[in-house]
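Structural description and commentary
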Amino acid sequence: MYQSLTYHSLSIYSPLKPTRYTESIATLMVGSTLRLSIDETQALKSLPFAIQIIAKKALQGSIPDLAKLPDLIPIQNASRYSCLVPIFNATLDSVQVPNYINAETTPAIMRAKWALLSLIKICTIDFSMSGGVDDLVTRHLVRRWEEIYPWMRFFAQNCLPPPYDVSLAPPRPDLCSMFDATTLSLHPLTSICHRSEEGRHMLRSSISVQHFVAQLWILAGNLKGDVLGDPGTTKHALVSVLRSTFALTNYICVSESEDRHKTTLPLSNYIHAAGGVKPVVSTLLRYIRRITRDVVKLEESQSWTTREKNVECFHMFTSGLSYSFQFLQTISLQDASCRAQLIRQGSIRIVVDVIAQILPKILVETNNEMDFHPQVGPAAIQNIMWAGYSYIASAIRDADDGITGVCQAIDAGLLETMRKGAACLPHARNRPSRGCMGDTELLFLLPTFFVYHRVVDSLFRHSHRIQNSFMPEEKREIRDEAFELSLKLVLMASTDAMEFRTVEPVNFYEYRCSGPGCRMRASEFVSKKCQCSGCLISLYCSKKCQRAAWCSGHKKWCQVLRCTVGESLHLHLTLLDRITIRATGLTRYPHESSSHCKLRNQCDLGNGPKS
């Protein structure tokens, strides 16, 4: 019933339509007593006597007693209170989402609110249950999605501000506070993404759920400050926590399924739900900037234990950044318009700035408990760098204007940041393999752009900063000696590029001699032309000019140029050779065999041999 609704009806600010049938059903079922099975009733006897009394009154339809149950569920021992789940399920089954709100439908709304809050608390806060909390989330949230999801949309629609104008007040703030509405709307999605493979597939394959997630993502990105209120459970801004935890949900919606046999929706569906390419890109970059600001503002921990609040928040913020970088790379790879818009709005510069700002907090030596922790240890946190570098490499490699991306990276200080991040502490041994390191891939890509004047100009503008990267530093342990050596070679290549930035460029199609000081043109030396077999670009009128050019600097650039142009330029030069020969009246190169000349003369330009 709910899955077949249109996009406009799924908007969290769409108007309600009156239906007397729905109102009468909701009013009738609120006044009735809920029923449990014998086993479920027997399980309630394991609870303290006072809680048994409250649970009994909640079954009889008492809304005040139902509202007490969420506060009675302890955070540390929620598994003991899982016997209350049948009460919450029965309550949700007894009410339906009303199409309009008045005094008669309000009791049903209140019952659904407290039942859903209690169910979310039990399914999401306990990590030590036998069988794992994953099974709880799948059984009580994913497999009852048809009963829970309509209420999530209802509270988001009526108790949260519009996504694109958060300055407006919610339509019905009297029903539920913004903090509770956020818990009801977003926490089930976050729990499902973390702990249920079946739920993750549902998010990837449901159009209505993806539209709902996209609207909530835009809303969370536009919220500023602690507008959700402070329930007294944390001193950190709740909006910051919300942005960091919701980053995974957003990434799951556009990522590939763990099971390759399961189909996922195209990225265009999510982009359309979020309002188009520009809103998606702007919101994503805003997420990254604000999460980075939260990481930088976070106070350094004193004890460095996994139970300390600052450590938990640091892990949450860094995880949000990592998933945001992965979302960034996913939409860049799948959609060319998103890739171009990201580079246009400075995404590469922002990613480099983020890595540079969080490096001092990542490369910190703590203690044995933290150093080797699989989730919050430095080795796990360093995944932010790999994800960020991977995005930069893919964006430069696949972009139509990769030169602009390289210039952004150099202007933001990419080379210096990579050098600072090359060191690791003795505890950061659990590092990804070479194939998973985005920085290594990026290092192989950068030198191929050092032949462009725009890139060399960027290097020259920041030459002082780059030269300081070679300054001797204190003894430090390098996580990868090969990476350190490759980085030094790239820095040396950038220095060489700056030295030759004043050399006048020679267009290969002019066929001018590349020898230093030689001005001979094509018409004068084409019959005795010598081409460099290494780079396939430089042309010489004589062996003397070739030797002079080799000694004056071509030796450094020959292989770099060859890596840049590859074989495609060699084929292009062959076509230009044909044009030049026909224009000058020559029929054969001096070094060309007669059989090859015959085959070439039979070729029509660009069409291959004639049949």
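We now turn to the structure provided with this report. (Residues numbered from 1 in each chain as written. Predicted model: local features only at pLDDT ≥ 70, side-chain atom pairs only at ≥ 80, totals over all residues. Heavy atoms only, no water.)

1. As for the overall build of the protein chain
Secondary structure summary: the protein chain contains 30 helices and four strands in total. Relative to its 611 residues, the protein chain shows a buried fraction of 52%. Sequence-distant contacts, at least 24 apart, represent 75% of the contacts inside the protein chain between residues at least 6 apart. When the accessible surface of the protein chain is split by element, carbon and sulfur atoms take 55% of a total near 28,800 Å². (Helix = DSSP H or I, 4+ residues; strand = E, 2+ residues; numbered from the N terminus. Buried < 20%, exposed > 50% of the residue type's maximum accessible area, 1.4 Å probe, protein only. Contact = heavy atoms within 4.5 Å. Areas by Shrake-Rupley, 256 points an atom, 1.4 Å probe, with all protein chains shown as cover.)

2. Considering the packing of aromatic side chains
We describe a pair of aromatic rings using the distance from one ring centre to the other and the angle between the two ring planes. In the structure shown here, the tally under the stated rule is 11 aromatic pairs. Ring geometry for Phe-154 versus Phe-155: centroids 5.4 Å apart, planes at 80 degrees, classification edge-to-face. Accessibility classification places Phe-154 together with Phe-155 in one group, the buried group. Chaining the aromatic ring pairs together yields one cluster made of Trp-217, Tyr-270, Tyr-287 and Phe-327. Looking at Arg-153, its charged tip hangs above the ring of Tyr-149, at a distance of 5.4 Å from the centre. (Phe/Tyr/Trp six-rings, centres within 6.5 Å; stacked < 30°, edge-to-face > 60°. Lys NZ or Arg CZ within 6 Å of the ring centre and 35° of its normal.)

3. Quick look at a nonpolar patch on the surface
Judged by side-chain polarity, Leu-485, Leu-489 and Met-492 come together as a nonpolar surface patch covering roughly 310 Å² of accessible area. Position of Leu-489 among the secondary structure elements: in helix H27 (residues 481–499). Overall, Leu-489 belongs to the exposed group, its relative accessible area being 51%. (Patch = residues over 30% accessible without salt bridge, like charges linked within 9 Å, V, L, I, M, F, W, Y side chains within 5 Å. Salt bridge = Lys/Arg side-chain N within 4 Å of Asp/Glu carboxyl O.)

4. Re helix H13 (residues 238–254)
Under the 1.5 Å per step criterion, the end-to-end length of H13 is 25 Å for 17 residues, consistent within 8% with the ideal 24 Å. Along H13, the sharpest kink reaches roughly 30 degrees, centred on Phe-246. Taken across its 17 residues, H13 has 15 buried, putting it largely inside the fold. (Expected span 1.5 Å × (residues − 1). Bend = angle between axes of the 7 residues up to and from the residue.)

5. Observations regarding the pattern of salt bridges
The tally for this structure, following the rule as stated, stands at seven salt bridges. For Asp-93, the salt bridge is made with Arg-144, and the minimal N-O distance between the two is 2.8 Å. Of this pair, Asp-93 sits in helix H6 (residues 85–94) while Arg-144 sits in the loop between helix H8 (133–142) and helix H9 (145–159), and the two are 51 residues apart along the sequence. Given the relative accessible area of 42%, Asp-93 is considered partly exposed. Assessed through its relative accessible area of 15%, Arg-144 is described here as buried. The structure contains a network of salt bridges with shared partners spanning Arg-397, Asp-398 and Glu-441.

6. Topic: the environment of Gly-388
Checked against the element boundaries, Gly-388 lands in helix H21 (residues 383–398). Judged by relative accessible area, which is 0%, Gly-388 ranks as buried. On a C-alpha basis, the gap between Gly-388 and Val-354 in space is 8.8 Å, while along the polypeptide they are 34 residues apart. Gly-388 has contacts with Phe-325, Val-351 and Ile-355, leaving out every residue within four places of it along the chain.

7. Comments concerning the packing of helix H11 (residues 197–205) against H13
Two quantities define a packed helix pair, namely the angle between the axes and the distance from one axis to the other. Viewed as axis vectors pointing N to C, H11 and H13 meet at an angle of 65 degrees, and their least axial separation amounts to 7 Å. Regarding H11 and H13, the two cross each other, and that crossing is right-handed. Only Thr-249, Ile-252 and Cys-253 of H13 make contact with H11, whose side of the interface consists of Arg-200, Leu-203 and Arg-204. Its residues assigned to classes, the contact of H11 with H13 shows three nonpolar, one polar and two charged. (Axes fitted to C-alpha atoms, helices over the stretch in contact; angles between N-to-C directions. Left-handed = near helix turned anticlockwise from the far one by under 90°. Nonpolar A, V, L, I, M, F, W, Y, C, P; charged D, E, K, R; others polar.)

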